[in-house]
Each structure stands twice: as structure tokens, then as C-alpha cells.
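# Chains, contacts and geometry: an overview
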Amino acid sequence: MSLLHDAARAESLTVLSRFRTEFYACLTARKDVLFELADAALCADGPVKTLVGLALAPEHRRGHGALYAGLNHGRMDVTRLRRALVSVPLPRAADGRLVLAVDVSPWLRPDADTAPGRCFCHTYGYGENKHLMIPGWPYSIVAALETGRTSWTAVLDAIRLVPGADVAAVTTAQIREVIERLITAGQWATGDPDILIVVDAGYDAPRLAHLLADLPVEILGRTRSDRVMRRPTPPRVRDPKGGRPPKHGSEFVFGQPDTWGEEHVVTVTDTRLYGKATARAWDRLHPRLTRRAAWIDHTAELPIIEGTVIRLEVSHLPSGAEPKPLWLWWSKTGATAADIDRCWQAFLRRFDVEHTFRMMKQTLGWTAPKLRSPEAADRWTWIHIGQCREVKGPEAVSRGAWNAAGLCYPGDRPRSSRKQRPYDPVCHGRHQRCVRRRPSR
């Protein structure tokens, strides 16, 4: 048993060391400054509030001038870093399926009137619980979700949205590139379950399913409670009055239960926080598309994008508020009871990405610096993505199980004796000053 544990520790150290080496190789200009800046942010005693505060950390051995010069004039190979992020082990669902969440998180810059590339970002509950449009840099982020009693996610990609960008088109291209990198890295092979893409109500799930139909993916998205879907086209019956045959079936109005009809699948699950969760599913429902908005330039015949509509209802909420039903649209048809439970449980895991954004902003200081250049903001963003993968690496490393003896990596500078946040520190050189203690429980 001890030998197996030692083998797991050695394998985890090897994977993490290889990722850090690759991350350093992705920095092509002022690499030492950027690498030490990443270590300083990761090993800070408290939440990162300012960049100049990181210049005082022992991990950053240069002055604050070099720190700002590294962010403003440094360079990194983002393409290589993207490949490195998908080459390490990724979290998977219980059936071995990859589950990816896509969401937009803003870097608000309301006071930077001369900063280029700003656009209006939709904020929720900002100030006195208001929904406001505030100027900033929005980033579209793709992360792999985990299972179990954890809220960690593996961030795989980030793209800054430019003013006037079509969010659906950018998201589609971003997902396509991520899927192609996963296939190239061997994370998905022929015969594996399709990759599940989970999005919130701000995305058009049927459109994403149509644009990504050639990839091994399933789209699961939340829909508004006032939507109207259509059933399949009824069998053609000769009408004595003539006229054009119908293209769509009867309406399925989310707000009118008398239009729902009989469910195809019904599941009931007892949960710890929400009581009894009842999921009802209706098969082969599609939205009626019109030649406007996103489909205004579609020259061919408008497609019929069929899927499964899921209505989730719980007994109570942990906050005591009145629970409202949750409507989901899944891009597959012919769902079983196991598929329905897997879908709504995967969507609830999507909220883990919100915890990732909160950790990056409030603890690691992603949006704390007042950078003027959007290119510098992109470098700082990718540094944080690398930090998240380093902190939450292989389980044996990230949980601190290997570090009781103060083991370090060969070939790197020693770090200070302070504890790394939120788990044990990870350093690269064998040195007396690198001895660590496990954090108190």
C-alpha cells in the first residue's frame, strides 16, 4: 500500500513538473519576470489587491518596474499554452464523459475612459441589487467540470470579446477549437461518450447545436420560462381545400401546462439540499426559426433543430425562497431516465465555474490591477489560468498529500517558507529553505 502511494506521488509530481516546465517555455519574452509574477500571486499571504504588492513578495526577485514591464511588453505563446492545458489529466463525469462549461466573466473598467477595447458588460446584482451595463473587458471562458464534493474546475481557454462581436459566433469558434485540441491531445477518441457542453440562458442552445453538429458534442442549455417550442411535423393529410402542408407541429408553451401533453420520461430523485427533485422530459421539440436576428443572413432553408425539453422542479431551496421550475433544452432525442438525470445534474455543476471566477477575482486578484492595455490584461488572464491549473493539478499534489517531507522539484529556484494558497506550496529546487509543513486542518 505504501509503495502504491509513493508511485502515485511520483507520477503526480512528474505531471505537475512537466506542466510547469511547459508553462515556462510558453513565455517567449521577459519570461523570468512573468514566471516569478505568477509564483508571487500564487504564494501571497492574503488576497492579491495590487501588483506593486506582489513586487514585495520573496518569490518576485525584481523591482516593481520590471513587473509592469513584463505585463506591458512581455510575450507568451498562447497557442502552445492552450495545448499544454489540454495535455494534462482532466476531470471527467462518472461515465468518463468530459463536461465543459462556457460562460462570460467581465473585467469591469468603468473609470478607464481612454482604455481601448472596452464594451458594455451585463452585470447581475451590482450595487443595490441592480442589473447594470458597465464598460469593461468581457472574457469568454471554457472550463472542464468535476464531480463529487468539490467546486474546482479546469480552465481550458479564454477569449476577450471585442466591441460588436457576435457572442454566439465567437463561442462556437472557441468551442470548436477546444474540442479539436482535446481530440488531438487524446482526451477524446472514437467510441468515447460525446462531450457535454453546458451553457446558461444567455446562449442560444439550438443554434450552438446546429453550428457544432459535425463534432462529437451534446449541447445542454437553460431556456427562459416564456419560450414556445413546436412538436414534430404531423403526418401529411390531403386537405380538400388544398394549401401548403404544415411545417411545424402543435405548440408547446412553457407557461401553459395544458399544451404540454404527456411526458416521455419522468424521474424523481431525493437530494440533500433541495429535497425531492422531479424532472419531466418531452422528446423531439424544436424552436420555430425566423429570418431575423442570428438567422437573418441564412440563405438556405431554415433548419428544424430537434431536442429534448426538461423541466426540473425541487421541493425547497436551502435559502428558504420559493423554488421556481428550471427549463433545459438538450440537443439529443430519445432520452432515457438515466440521460435526464445526467443532464440536470450536469447543469447544476455549471455553477462551479462561478466559484472559479470568484476565486480568480477575489483571491488571486485577476481584475485587481488597473491595466490600461487590453493586451496586458490578456497576459495577466493567461497567467491566472496557468495558476489555476498549477494549484488544482493531479489529486495527490493539489491535496497536499505528497508534501509532508518538503519535497521539491529539481532544477528551479527555492521559494520562501510561506504556505501556498489554497493548498500546500509547489516548488522546483531541492534546498533547505524549501522544507514545508502541512497546513493545519
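Residues numbered from 1 in each chain as written. Predicted model: local features only at pLDDT ≥ 70, side-chain atom pairs only at ≥ 80, totals over all residues. Heavy atoms only, no water.

## Brief notes about the overall build of the protein
When helices and strands are counted, the protein shows 12 helices and 14 strands. Here the analysis covers contacts within the protein between residues at least 6 apart in sequence; of these, 63% occur between residues at least 24 apart. Accessible surface, the protein: about 22000 Å² in total, of which carbon and sulfur atoms supply 52%. (Helix = DSSP H or I, 4+ residues; strand = E, 2+ residues; numbered from the N terminus. Contact = heavy atoms within 4.5 Å. Areas by Shrake-Rupley, 256 points an atom, 1.4 Å probe, with all protein chains shown as cover.)

## Notes on the environment of Gly-117
With respect to the helices and strands, Gly-117 occurs in the loop between β3 (99-108) and β4 (119-125). We classify Gly-117 as partly exposed; its relative accessible area is 25%. Separated by 43 residues in the primary sequence, Gly-117 and Arg-160 have C-alpha atoms spaced 9.2 Å apart. Among residues more than four places away in sequence, those in contact with Gly-117 are Gly-136, Trp-137 and Pro-163. (Buried < 20%, exposed > 50% of the residue type's maximum accessible area, 1.4 Å probe, protein only.)

## Regarding the nonpolar core
If you look at the biggest cluster of nonpolar residues, it comprises 45 residues, and the most contacted ones within it are Leu-37, Leu-51, Leu-54, Leu-71, Trp-107, Trp-380 and Ile-383. Ranked by the residues each element gives to this core, the list is headed by helix α11 (residues 374-391), at 7 residues. Once residues within four sequence positions are removed from consideration, Leu-54 is found in contact with Leu-37, Ala-40, Ala-41, Ala-44, Val-48, His-60, Leu-67 and Trp-380. With 38 residues, the next largest nonpolar core counts Ala-144, Val-178, Ile-197 and Ile-305 among its residues. (Core = buried A, V, L, I, M, F, W, Y, C linked by side-chain atoms within 4.5 Å.)

## Section: the packing of aromatic side chains
Tallied over the entire structure, the rule returns 14 aromatic pairs. On the numbers, 5.7 Å between centres and 65° between planes, the contact of Tyr-139 with Trp-366 is edge-to-face. With Tyr-139 in strand β5 (residues 130-145) and Trp-366 in the loop between α10 (352-363) and α11, this pair connects stretches of sequence that are 227 residues apart. A relative accessible area of 2% places Tyr-139 in the buried class. For the pair Phe-252 and Trp-327, a centre-to-centre distance of 6.3 Å together with 80° between the ring planes defines the contact as edge-to-face. Taken together, the positions of Phe-252 in strand β10 (residues 251-253) and Trp-327 in strand β14 (residues 326-330) put the pair 75 residues apart, joining distant regions of the chain. (Phe/Tyr/Trp six-rings, centres within 6.5 Å; stacked < 30°, edge-to-face > 60°.)

## Quick look at the packing of helix α2 (residues 31-42) against α11
Put simply, α2 and α11 touch, their axes get as near as 10 Å, and they point 55° apart. The angle between α2 and α11 falls in the class oblique. In the packing of α2 onto α11, the handedness of the crossing is right-handed. Residues Leu-34, Leu-37, Ala-38, Ala-41 and Leu-42 of α2 form the contact with α11, whose own contacting residues are Trp-380, Ile-383, Gln-387, Glu-390 and Val-391. (Axes fitted to C-alpha atoms, helices over the stretch in contact; angles between N-to-C directions. Parallel < 35°, antiparallel > 145°, perpendicular 65-115°, else oblique. Left-handed = near helix turned anticlockwise from the far one by under 90°.)

## Here we look at the side chain of Thr-223
Its location among the elements puts Thr-223 in the loop between β8 (217-222) and β9 (228-230). Contacts of Thr-223, omitting those with residues within four sequence positions, involve Phe-254, Trp-327, Leu-328 and Trp-329.

## A word on α2
Over its 12 residues, α2 runs 17 Å from end to end, which matches the ideal 16 Å to within 8%, given 1.5 Å per residue. Among the 12 residues of α2, 10 are classified as buried, and the element is accordingly described as predominantly covered. Among the residues of α2, those classed as buried are Val-33, Leu-34, Phe-35, Glu-36, Leu-37, Ala-38, Asp-39, Ala-40, Ala-41 and Leu-42. (Expected span 1.5 Å × (residues − 1).)

## Brief notes about the pairing of β3
Burial analysis of β3 places 8 of its 10 residues in the buried class, the great majority of the element. Examined bridge by bridge, β3 and strand β7 (residues 195-199) share 3 bridges and lie parallel to one another. Across the sheet, Ala-101 pairs through a bridge with Val-198, a residue of β7. In the sheet, β3 pairs with β5 via 9 bridges, with the strands oriented antiparallel. (Pairing = 2+ DSSP bridges.)

## Regarding the pattern of salt bridges
One pass over the full model with this rule turns up 26 salt bridges. The residue Arg-224 makes a salt bridge to Asp-226 at a minimum N-O spacing of 3.0 Å. Given a relative accessible area of 49%, Arg-224 falls into the partly exposed group. Because the salt bridges share partners, they merge into one network encompassing Asp-95, Arg-97, Glu-218, Asp-339 and Arg-342. (Salt bridge = Lys/Arg side-chain N within 4 Å of Asp/Glu carboxyl O.)

## A closer look at the side chain of Thr-123
The topology assignment puts Thr-123 in strand β4. Other than its neighbours up to four places away in sequence, Thr-123 contacts Leu-108, Lys-130, His-131, Leu-132 and Ile-134.

## Observations concerning the packing of helix α5 (residues 78-87) against α11
Direction vectors running N to C along α5 and α11 enclose 20°, while the axes themselves pass 11 Å from each other. On the basis of their axis angle, the class for α5 and α11 is roughly parallel. The way α5 lies across α11 gives a crossing that is left-handed. Contacts between α5 and α11 involve Val-78, Leu-81, Arg-82 and Leu-85 from the former and Trp-382, Ile-385 and Arg-389 from the latter. Across the contact of α5 with α11, the residue classes break down as 5 nonpolar, no polar and 2 charged. (Nonpolar A, V, L, I, M, F, W, Y, C, P; charged D, E, K, R; others polar.)

## Details of the state of the cysteines
Across all of its chains, the model carries 0 disulfides by this definition. Cys-119 forms no disulfide, and the closest cysteine sulfur to it belongs to Cys-121, at a distance of 5.0 Å. (Disulfide = S-S within 2.5 Å.)

## Observations regarding the environment of Arg-349
By the secondary structure assignment, Arg-349 is in helix α9 (residues 337-349). Spatially, the C-alpha atom of Arg-349 lies 8.8 Å from that of Ala-101, the residues being 248 residues apart in sequence. Residues in contact with Arg-349, not counting those within four places in the same chain, are Leu-145, Glu-146, Thr-147, Gly-148 and Thr-150.

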